[in-house]
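# Survey of secondary and tertiary structure
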Amino acid sequence: MAENLPRRFVGRTVLVTGAGTGFGAEIAVRAAQEGAQVVVHYNRSREGAEQTLKRIEQAGSQGVLVQADITSWDAIRALADAAFAAFGGLDVAVNNVGDVARDQMSWRDITEESIDHVLAVDIKGTLLMVHEFGQRMLERGGGAIVNIGSTVIVRGSPRAPQYAAGKYGVLGITKSYAKALAPHVRVNTFAPGFIETQSTLNRKDWKSGRAETLRSMTPLGRIPKPEEVAGTALFLATDDASHMTGVYMVADGGFNMVGA
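In this report, we go over the structure that sits alongside the text. Just so we're clear, the structure is a prediction, and the values are computed from it rather than from any experiment.

### Quick word on the pattern of salt bridges
If you walk through the whole model with that rule in mind, you get 11 salt bridges. With its nearest N and O atoms 2.6 Å apart, the salt bridge here joins Arg8 to Glu34. Here Arg8, found in the segment before strand E1 (13-16), pairs with Glu34, found in the loop between helix H1 (22-33) and strand E2 (37-42); they are 26 residues apart in sequence, far enough to count as distant. A relative accessible area of 22% means that Arg8 is categorised as partly exposed. As a salt-bridge pair, Arg215 and Glu212 come within 3.7 Å of each other at their nearest N and O atoms. With Arg215 and Glu212 both in helix H8 (residues 204-217) and three residues apart, the pair spans about one turn of that helix.

### Observations regarding the packing of aromatic side chains
Taken as a whole, this structure holds three aromatic pairs when the rule is applied. Considering the side-chain rings of Phe194 and Phe255, the 5.9 Å spacing of their centres and the 80° angle between planes classify their relative orientation as edge-to-face. Residue Phe194 is located in the loop between strand E6 (185-192) and helix H7 (198-201), and its partner Phe255 is located in the segment after strand E7 (248-251); the two are separated by 61 residues in the primary sequence. The class for Phe194 is buried, based on a relative accessible area of 17%. On the basis of relative accessible area, Phe255 is assigned to the buried category, the value being 3%. Over the face of the ring belonging to Trp73 we find Arg77, whose NZ or CZ atom lies 4.5 Å from the ring centre. The side chain of Arg140 reaches across the aromatic face of Phe84, ending 4.6 Å from its centre.

The rules behind these values
Residues numbered from 1 in each chain as written. Predicted model: local features only at pLDDT ≥ 70, side-chain atom pairs only at ≥ 80, totals over all residues. Heavy atoms only, no water. Salt bridge = Lys/Arg side-chain N within 4 Å of Asp/Glu carboxyl O. Helix = DSSP H or I, 4+ residues; strand = E, 2+ residues; numbered from the N terminus. Buried < 20%, exposed > 50% of the residue type's maximum accessible area, 1.4 Å probe, protein only. Phe/Tyr/Trp six-rings, centres within 6.5 Å; stacked < 30°, edge-to-face > 60°. Lys NZ or Arg CZ within 6 Å of the ring centre and 35° of its normal.

As structure tokens, then:
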């Protein structure tokens, strides 16, 4: 498959947060397959990040690993220092890290601890990442930032309202910084629907029949694997998206037309 891929990131450096597992890992590998040098961020998934780095090297590219807790501004500053130094600059930042309150099956099960953590990661973490990386890109002449959102910004989440609130916050961050950093740094949100990452496949509701229900409700009739939509997310960082900023792009097989 990689032999037939476009080469949209030759000579460019791409940072992907949360690249040790799931969707982040596939975005990082896809960027490498398209010619990018990749900064692989992780927090606790060191082993997974090492596997992502190995796949990047197998794709014929270069990468580095950087650990950081994105809820800490000091840690984000250190991450930015390392990311910009790794290959002499940074062209693209993909903010993939997020907390979906995965173990919560109903709004009735919400806890204050979960609210605090989801909003700390999804809103505070994303805001600090866009702020820190955006201003550094601006100082260096430009760049592109892609925030990974969700179709809950269209349909809400009766399962986990704090998750929907977090992703609505990401959209507000996207629009605010898109205007603040224009015209040299573009900021957009990619909003996927359900993706068959390993963590999704391990969910209790997924194993008990929700997967089949969602497939039957989705107009395209399937739930994609992360590698199928990784290139779609990266589109927002390409030259073909050069006139797009402050917007969100949905890729959910049409599920947003159906509802939650």
